[in-house]
Every structure is written in C-alpha cells, then in structure tokens.
Amino acid sequence: MKKITLFTLLALLLCTSCVTKKKFMLAEMAATVSKDSLQGLLTDCRNTNAQMSVQIRNLLRDTTKMGNSIRQYQSMLNVNMTEQEKLNALLSQKKNELNERERTINELQQMINAQNEKVQKLLSSVKDALLGFSSEELTVREKDGKVYVAMSDKLLFQSGSARLDKRGEEALGKLAEVLNKQTDIDVFIEGHTDNKPINTVQFKDNWDLSVIRATSVVRILIKNYHVNPLQIQPSGRGEYMPVDDNETVEGRSKNRRTEIIMAPKLDKLFQMLQNSEEAH
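Treat the numbers as computed from the prediction; the structure is a model and nothing was measured.

Colleague: So what exactly am I meant to see when it comes to the environment of Leu130 here?
Modeller: As for its placement among the helices and strands, Leu130 is situated in the loop between α1 (2-129) and β1 (138-143). Taking the C-alpha atoms as reference, Leu130 lies 9.5 Å from Val149; in sequence the two are 19 residues apart. Setting aside residues up to four positions removed in sequence, Leu130 forms contacts with Leu138, Val140, Val149, Ala171, Lys174 and Leu175.

Colleague: Sorry if this is basic, but what is going on with the pairing of strand β5 (residues 257-264) here?
Modeller: Among the eight residues that make up β5, eight are buried, leaving the element largely enclosed by the rest of the structure. Both faces of β5 are covered, namely the face carrying Arg257, Glu259, Ile261 and Ala263 and the face carrying Thr258, Ile260, Met262 and Pro264. As paired strands, strand β2 (residues 146-152) and β5 are joined by six bridges and run antiparallel to one another. If you follow Ala150 over to β5, its bridge partner there is Glu259. The pairing of strand β3 (residues 185-192) with β5 spans eight bridges and is classified as antiparallel. Across the sheet, residue Ile185 finds its bridge partner in β5, namely Pro264.

Colleague: Would you mind going over the pairing of β3 with me for this structure?
Modeller: Regular strands place their side chains on alternate faces of the sheet. Among the eight residues that make up β3, seven are buried, leaving the element largely enclosed by the rest of the structure. Of the strand pairs in this sheet, β3 and strand β4 (residues 232-238) are connected by six bridges, and their pairing is parallel. Of the residues in β4, the one forming a bridge with Glu190 is Ser235. A crossover connection joins β3 to the parallel β4 through helix α4 (residues 206-224); in handedness this β-α-β unit is right-handed.

Rules used in this analysis
Throughout, a residue's number is its position along its own chain's written sequence, starting from 1. Totals for whole chains, interfaces and linings use every residue, but because this is a predicted model, local features are given only for residues with pLDDT of at least 70 and side-chain atom pairs only at 80 or more, for both listing and counting. The side-chain quantities take in all heavy atoms of the structure and omit both hydrogens and water. Strands here are runs of E lasting at least two residues and helices are runs of H or I lasting at least four, both read from the DSSP assignment and numbered beginning at the N terminus. Any pair of residues with heavy atoms lying within 4.5 Å of one another is described as a contacting pair. Under the scheme applied here, a residue whose accessible area is under 20% of the maximum for its type counts as buried, over 50% as exposed, and between as partly exposed, the area being computed with a 1.4 Å probe on protein chains only. In this scheme, strands are said to pair when DSSP sees at least two bridges between them. If you view a crossover with the strands going away from you and the path from the first strand over the helix to the second runs clockwise, you call it right-handed.

Here it is in structure tokens:
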C-alpha cells in the first residue's frame, strides 16, 4: 500500500515537472518571437525615421527656397506697386492739367463767341446808322473780327485838303452815335491816299496828307461829338495800302479813303491767354 502511494506521488511529480518545462519552453519561444518582432519593428521604425528625416530636410530646403522666392516676389511686387503709384499720381496730375486746359479753352471759346457776337451787333448798328449814305460815299464790312467803315475822300475832304465837308461831318456824327454807345471798343482812324505825289505848303507828301486827314477826323469826333479820346488812335498809311490799282482813275479814287476800324477790346482775352501760358 505504501509502495503504491509512493509510486503515485512520483508519477505526479514527474508529470508536474514535464508541464512546467513545457510552459517554460513555450514562454522562451514566445519571448524569442517577441524579441525578433520587436527588433524588426525597431528596424522598420528606424528606417521610417530616416526616411522621414530625409523628407523633413527636403521640405526644409524647399521651404527655404519657397520663402526666398516669396520674399523676392514680394519685393518685386512692392517695386511694381511703387511704380504703379507713381504712374497713377502722374496720370492724375495729367488729368488735372487736361481738365484745366479744357476749362481754359472753354472759357476762351466763350469769350471769342462773345467777341464775335459783339462784332456782329456793332456791324449791324453801324450799317443802320449809315444807311442814308451811298456805296460811292462809304462802305461797311467786317473782316477778322473788326468792322471797317471806308469813307471816300469825296465824302470827307476836298481834293488835297484836310478840311472836312459838311456831308462828311454828318456821316461822322452818325457814326459817333454808335461809338458813344459802344464804350468797350477800340477805334483806329487810318488815312490812305493814291500814289500821285503831293507837295504843297501844308503837306510835304502823301504820307503827311494821310496823317493830317486822320487827325482831322479824330478832332471832329472828339470835339463835336464827344467820343472818348482814349478810344481813338489816328494813323496815316499814305499810298502803301491800296485796295485797287492806282493805274486807273476808279482805282485811285478807291485808294483815297479814310478807314474807321472798330474792334471790341481784347484786354481780358489777352490776359487769359497770358495766364494760361504762364501756368503751363
């Protein structure tokens, strides 16, 4: 009985020992496998880390390049924006200058239109005032913004004389009525002759005669009809501005004349033109 019990006990010990060794072997095998797996995983991680480090370096290099490019583009953009701002400022300045020029041109055009309107009104007034005189005695015309009244020497003077006839004084009186109402005009009195020489006690030559005749007309307008002397300027042209051929009697008759030239004052227009030139 004791032998059976001992045998049984030995058998149990032997079995227990076998089981423990088996577990140990299994555990050892599992540890080996885990170590290999971990070693492989570590190797993979190291490889991945190395690859990622390379990628990081590449990204840093690309980022640096991109940053340099961005800064370069920003600098170029700033330069372009500065040039654009300069161009915009210059364009704005030129536009302002253009607008100012257009304003000046419009004002000048308005003044010119007003001057032309004055000339036409003056022409109409002079024609109406001198309506009672024939074309052989005088003519009225407009040229280059001025009104010309050409009075023949037959109407105003006797041959070779600077004394006015009554018919001539009457014509000057009619004209004076217009001049006294048109205080903003300049009046030029021009004496003209033909080319036939004259040499008398009173006149040395045709030029002398043309000047004296012009001043005689001025005196009548001022003393008899109270025209403003500041409006009138006499001058003599002699034979040097003929309107017809001096070789014929009719031509010489036309050339012997006194022209009264009337034009609206241009002081404001000249001043504006001068200011415009100084401004530019």
